[in-house]
Amino acid sequence: MEKVILLNKPAGMTSFDAVAKCRRIFKEKRVGHTGTLDPNATGLMIILLGKCTKLLPYCLKNHKHYKAEFVLGTSTTTEDIWGEVIEEKAYAMHTQEELDEVSKSFVGDIMQVPPMYSAIKKDGKKLYELAREGVEIEREARPCTINSLHVEHIEGNRYAMDAVVSSGTYIRTLIKDYCNALGELGTMSKLERVGIEHLSLDDAVTLEELEELKEDANFLEPLKVLDPIYPQVEIYNYQRILNGKIMKLDNHNEPIVIFKNDKKVLAAYELKEDGVYHCLRGLF
């Protein structure tokens, strides 16, 4: 089976559970995904079935578009409303001008300290496992990019955030840091991933639709989930590619290229010091 699914993950389900559900629906052992969503988050996940799991290292991962909500006046252990409250503070009202000014200060390349409740590993153990044991360790700040950020007031202490960010950015932490810059405590109350690069939640299917339609569901062409940083090179006589032979490309000097034939993905090739491209991985 060679299928790519744009899945609209529901709330209350882990990304692992969503993958397991797809495995059962399609009776396919090889199933992967390109980016984890928290159990209480909803929205877009790229699910790869069968041979398409080979595409995983070359899939879209940046310009992830999120719509979130948060509340002022509360801080929790998990940086969202599903955690234990650890601090409360009276909050102030803020004008749109104030919100826009703080938003501008976050746009661009920033450093972010990942939350304890995350899947990052320390000495072979996930941080959230340590957090559940009551252990908190020092985390190194990591670079991330905020491509765009807009915040507006909803009502009372509720606010909405629209953000486009790089892979590895924690929206919970972005909200916490944003509120700190406002002089407030803040906690995420809702999160939805609505886009990844050019892919939109509007084109995604639900698990219920997959169960009902199965092979007739709306699948995505594998080429459409490849990261644009890897040029796609059309090749017609592709027997050399199928055999993993070296390739010389006169009009390319990119580190990695993806060879394709029509809509079929063939292989990833890497430019070596000898000036020719060598096969990294067959993708067919």
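Treat the numbers as computed from the prediction; the structure is a model and nothing was measured. (Residues numbered from 1 in each chain as written. Predicted model: local features only at pLDDT ≥ 70, side-chain atom pairs only at ≥ 80, totals over all residues. Heavy atoms only, no water.)

K.L.:
Whenever I open this one, the overall build of the chain confuses me. Can you help?
P.N.:
Of the regular secondary structure elements, the chain holds six helices and 17 strands. Referenced to the eigenvectors of the C-alpha coordinate spread, the extents of the chain come out at roughly 70 × 45 × 40 Å. Within the chain, the fraction of its 284 residues that count as buried is 46%. For the chain, the proportion of contacts with a sequence separation of at least 24, taken over those separated by at least 6, is 67%. When the accessible surface of the chain is summed, it comes to about 14800 Å², and 48% of that surface belongs to carbon and sulfur atoms. Charged side chains in the chain number 37 positive and 45 negative. The centres of these two groups are separated by 9 Å. (Helix = DSSP H or I, 4+ residues; strand = E, 2+ residues; numbered from the N terminus. Buried < 20%, exposed > 50% of the residue type's maximum accessible area, 1.4 Å probe, protein only. Contact = heavy atoms within 4.5 Å. Areas by Shrake-Rupley, 256 points an atom, 1.4 Å probe, with all protein chains shown as cover. Lys, Arg positive; Asp, Glu negative; His and termini not counted. Charge placed at Lys NZ, Arg CZ, Asp CG, Glu CD.)

K.L.:
Would you mind going over the packing of aromatic side chains with me for this structure?
P.N.:
Aromatic rings considered in pairs are described by the distance between their centres and by the relative angle of their planes. Applying the stated criterion to the full structure yields six aromatic pairs. With 5.6 Å between their ring centres and 10° between their planes, phenylalanine 70 and tyrosine 159 make a pair best called stacked. On the criterion of sequence distance, the pair formed by phenylalanine 70 in strand β4 (residues 64–72) and tyrosine 159 in strand β11 (residues 158–165) is long-range, its members being 89 residues apart. For tyrosine 159, a relative accessible area of 1% translates into the label buried. Arranged with centres 5.0 Å apart and planes meeting at 90°, the rings of phenylalanine 259 and tyrosine 269 form a pair that is edge-to-face. With phenylalanine 259 in strand β15 (residues 256–261) and tyrosine 269 in strand β16 (residues 264–271), the pair connects residues that are 10 residues apart, well separated along the chain. Comparing phenylalanine 259 with tyrosine 269, the two get one shared label, buried. (Phe/Tyr/Trp six-rings, centres within 6.5 Å; stacked < 30°, edge-to-face > 60°.)

K.L.:
What is the right way to read the side chain of threonine 78 from this model?
P.N.:
Relative to the elements of secondary structure, threonine 78 occurs in the loop between β5 (74–76) and β6 (85–88). Within the structure, threonine 78 has its side chain in polar contact with the backbone nitrogen of glycine 83 (distance 3.1 Å). (Polar contact = N/O pair within 3.5 Å; in protein donor to acceptor, adjacent residues only side chain to side chain.)

K.L.:
Sorry if this is basic, but what is going on with helix α4 (residues 171–182) here?
P.N.:
Helical periodicity: at 3.6 residues per turn, an α-helix aligns residues three or four positions apart in one direction. The first and last C-alpha atoms of α4 sit 16 Å apart over 12 residues, in line with the 16 Å expected at 1.5 Å per residue. When we look at burial in α4, the residues that qualify are Ile171, Arg172, Thr173, Leu174, Ile175, Tyr178, Cys179 and Leu182. Considering only its buried residues, α4 is in contact with β4, α2 (96–106), β7 (108–112), β10 (142–155), β11 and β12 (186–196). Glycine 183 occupies a position one or two residues after α4 and carries a positive phi of about 85°. (Expected span 1.5 Å × (residues − 1).)

K.L.:
Got a minute to help me understand the side chain of aspartate 227 in this structure?
P.N.:
Note on placement: aspartate 227 falls in the loop between α5 (207–213) and β14 (232–234). Judged by its relative accessible area of 3%, aspartate 227 falls in the buried class. In this structure the side chain of aspartate 227 is engaged in a polar contact, spanning 3.3 Å, whose partner is the side chain of lysine 61. Aside from chain neighbours lying at most four places away, what touches aspartate 227 is Tyr58, Cys59, Leu60 and Lys61.

K.L.:
Can you help me understand the sheet that holds β14 in this one?
P.N.:
Paired through their backbone hydrogen bonds, the strands of a sheet run either parallel or antiparallel. Pairing is mixed in the open sheet, where four strands are placed in the order β14-β15-β16-β17. Both outer strands of the open sheet, β14 and β17 (277–282), are each paired with one neighbouring strand and no more. Direction aside, neighbouring strands of the sheet carry axes that sit 35° apart on average. Pairing analysis gives six bridges linking β15 to β16, with the strands arranged antiparallel. Counterpart to valine 257 in the pairing with β16 is tyrosine 269. (Pairing = 2+ DSSP bridges. Axes fitted to C-alpha atoms, helices over the stretch in contact; angles between N-to-C directions.)

K.L.:
Just to check I follow, could you spell out the environment of lysine 245 for this structure?
P.N.:
Here lysine 245 shows up in the loop between α6 (239–242) and β15. The class of lysine 245 is partly exposed, set by a relative accessible area of 43%. Note: C-alpha distance between lysine 245 and threonine 34 (211 residues apart in sequence) is 29 Å. With residues up to four places along the chain from it excluded, the contact list for lysine 245 reads Arg240 and Tyr269.

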